[in-house]
Amino acid sequence: MDYNETLIDIQYALINAILIDLPAEILDVSYSLGEAQVLVQFVILDSYEIPQEIVDKLRNSLPLYKVDVDKIRLTVADFNKDIGLWKPTSYDWLDFLLLSKSQSI
């Protein structure tokens, strides 16, 4: 069986930087990969700011990539309006889904 070591390394870095001590206000995390770029999309509660520490940790964990961060802000009501649906209707996930808290808040 062949493994994509690059994808595994990137997923490990994302898990380490984001999911360990995950703030409750981060609702979804997805990402896409370019040749030398990683775009990370955070779906967050509307009043929340992603700590610079998380962004710095992401960038330090992936020194060979340009790491860009995109934020989508939602209220709890907007996030929960899609309960029972497979995919959110207010936004699109990027190519790879790292985390989704749908139906949990």
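Residues numbered from 1 in each chain as written. Predicted model: local features only at pLDDT ≥ 70, side-chain atom pairs only at ≥ 80, totals over all residues. Heavy atoms only, no water.

## A word on the overall build of the chain
Next, step 1: From N to C terminus, the chain includes three helices and four strands.
Next, step 2: If you list the helices and strands of the chain from N to C, you get α-β-β-α-β-α-β.
Next, step 3: The C-alpha atoms of the chain give 14 Å as radius of gyration, which agrees with the globular expectation for 105 residues (13 Å, within 12%).
Next, step 4: Based on the C-alpha atoms only, the size of the chain along its principal axes is roughly 40 × 35 × 20 Å.
Next, step 5: Taken over 105 residues, the chain has a buried fraction of 38%.
Next, step 6: When contacts within the chain are restricted to residue pairs at least 6 apart in sequence, those whose partners lie at least 24 apart make up 65%.
Next, step 7: Taken as a whole, the chain presents about 6,500 Å² of accessible surface, with 51% of it coming from carbon and sulfur.
Next, step 8: Averaging the locations of the 8 positively and 17 negatively charged side chains of the chain gives two centres separated by 5 Å. (Helix = DSSP H or I, 4+ residues; strand = E, 2+ residues; numbered from the N terminus. Rg over C-alpha atoms; globule rule 2.2 N^0.38 Å. Buried < 20%, exposed > 50% of the residue type's maximum accessible area, 1.4 Å probe, protein only. Contact = heavy atoms within 4.5 Å. Areas by Shrake-Rupley, 256 points an atom, 1.4 Å probe, with all protein chains shown as cover. Lys, Arg positive; Asp, Glu negative; His and termini not counted. Charge placed at Lys NZ, Arg CZ, Asp CG, Glu CD.)

## Remarks on helix H2 (residues 52–61)
Next, step 1: What H2 keeps buried is the set Ile-54, Val-55 and Leu-58. All buried residues of H2 lie within an arc of 100° about the axis, which places them on one face of the element. Away from the buried face of H2 by more than 90 degrees, exposed residues Glu-53 and Asn-60 are located. (Arc of directions from axis to C-beta.)

## Observations concerning unusual backbone geometry
Next, step 1: You will see that Asp-21, though not glycine, has its phi angle at about 60°, which is positive.
Next, step 2: Along the chain, the position of Asp-21 falls in the loop between helix H1 (5–19) and strand E1 (26–33).

## As for the pattern of salt bridges
Opposite charge on two side chains permits pairing when their charged atoms draw close.
Next, step 1: Taken as a whole and assessed by the stated rule, the structure comprises three salt bridges.
Next, step 2: Between Asp-68 and Lys-66 there is a salt bridge, with the nearest N and O atoms lying 2.8 Å from each other. (Salt bridge = Lys/Arg side-chain N within 4 Å of Asp/Glu carboxyl O.)

## Observations regarding the environment of Asp-78
Next, step 1: As for its position among the elements, Asp-78 is in helix H3 (residues 76–80).
Next, step 2: Look at Asp-78 and you get partly exposed, because its relative accessible area is 34%.
Next, step 3: Counting along the chain gives ten residues from Asp-78 to Pro-88, while the straight-line C-alpha distance between them is 9.9 Å.

## Thoughts on the pairing of strand E3 (residues 66–74)
Next, step 1: In terms of strand pairing, strand E2 (residues 37–45) meets E3 through nine bridges, oriented parallel. Residue pairing across strands places Leu-45 opposite Leu-74, the latter belonging to E3.
Next, step 2: This β-α-β element, E2 to H2 to E3, shows right-handed connectivity. (Pairing = 2+ DSSP bridges. Right-handed = clockwise from strand over helix to strand, strands pointing away.)

## Considerations on the nonpolar core
Next, step 1: Judged by nonpolar contacts, the single largest core of 30 residues is most densely connected at Leu-14, Ile-18, Val-29, Val-40, Phe-42 and Leu-58.
Next, step 2: Listed by contribution, the elements that provide at least two residues to this core are H1, E1, E2, H2, E3 and strand E4 (96–100).
Next, step 3: Excluding residues within four positions of it along the chain, Ile-18 makes contact with Val-29, Val-40, Phe-42, Ile-54, Leu-58 and Leu-98. (Core = buried A, V, L, I, M, F, W, Y, C linked by side-chain atoms within 4.5 Å.)

Without other data, these values stay purely geometric and don't point to any function.
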